[in-house]
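# Inside the fold
Residues per chain, in single letters:
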Amino acid sequence: MKIVSIILARGGSKGIPNKNIISLNGKPLISYVIKVSKKSKINETWVSTDSEKIKKVAKSYGAKVIDRPKTISEDFSKSEEALKHFSENVKFDILVFIQPTSPLLKESDINKGIAMITNKNNNYDSVFSAYKEHWIPRWSKDIQPINWNIKSRPMRQERAEEYIENGAFYITTKKQFLNSKLRYSGNIGIVKMPNYRSFQVDTLENLKLIGKLL
């Protein structure tokens, strides 16, 4: 059984220019997840990119690279398009889709997810990483309560805990992905990660915070 990871890292980030290779504590952001992938039970670590700079960095840290077509590297291109391109061009059995913006990810998280998928007793078709959150009052942009009533504000204990997808990684089989064209489908399981390791680099503020947590 061949297990591969795919890290999608296009070059056209708008929020933070060159975000995927921006320096985080002196190392390119993408290097953190490449190292974690290579330490885990994954057989091959791949990066899909349309950027020569990212391609060079990825190879320097030991990742294989697949060139991502420009047509699926636009601002509104979906990750599933790049996953499909990868799946149609690389041989594997299990796919671990890792986000380069999750430098706090550990190999133990990935290994836990792989074990859930490969254990036939679990019968999982897909798993993804998430953290548990207690209920908190949320408001819309026009200052309206979301799914609760201001006249009868519930106590935290009265609401069930929820799992929040943290975007660190998703695991599924090649067969399941090609059938559904989705990163998760079928019987879905959750790999629990702590909240403090679920931060993603989306802003420079995130970058500074995560730099202190590493």
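Residues numbered from 1 in each chain as written. Predicted model: local features only at pLDDT ≥ 70, side-chain atom pairs only at ≥ 80, totals over all residues. Heavy atoms only, no water.

As for its placement among the helices and strands, N111 is situated in helix α4 (residues 107–118). Along the backbone, N111 and K64 are 47 residues apart, and their C-alpha atoms lie at a distance of 20 Å. When near neighbours in sequence (up to four residues on either side) are disregarded, N111 contacts S40 and K41. (Helix = DSSP H or I, 4+ residues; strand = E, 2+ residues; numbered from the N terminus. Contact = heavy atoms within 4.5 Å.)

The next thing to look at is α4. Between the first and last C-alpha of α4 there are 16 Å, a value that for 12 residues agrees with the 16 Å anticipated at 1.5 Å per step. Taken as a whole, α4 has its buried residues at D109, I110, N111, G113, I114, M116 and I117. On its buried face, α4 sits against β1 (3–8), α1 (29–39), β6 (94–98), β7 (126–133), β8 (162–173) and β9 (188–192). (Expected span 1.5 Å × (residues − 1). Buried < 20%, exposed > 50% of the residue type's maximum accessible area, 1.4 Å probe, protein only.)

The subject of this paragraph is the layout of surface pockets. Reported here for the largest pocket is a volume of approximately 360 Å³. Lining the largest pocket are 18 residues, with L8, R10, K19, S79 and Q99 positioned closest to its centre. Of the residues assigned to the lining of the largest pocket, the class counts are three nonpolar, eight polar and seven charged. Each pocket or cavity is described by its volume, and for the second largest pocket that value is around 220 Å³. Forming the walls of the second largest pocket are M1, D93, I94, I117, T118, N119, K120, N123, Y124, D125, T173 and Q176. Along the lines of polarity and charge, the residues of the lining of the second largest pocket split into four nonpolar, five polar and three charged. (1 Å grid on protein atoms, 1.4 Å probe; cavity = no way out; pocket = protein on both sides within 12 Å on 5 of 7 lines; lining within 4 Å. Points joined across faces, edges and corners; volume = space filled by probe spheres on them. Nonpolar A, V, L, I, M, F, W, Y, C, P; charged D, E, K, R; others polar.)

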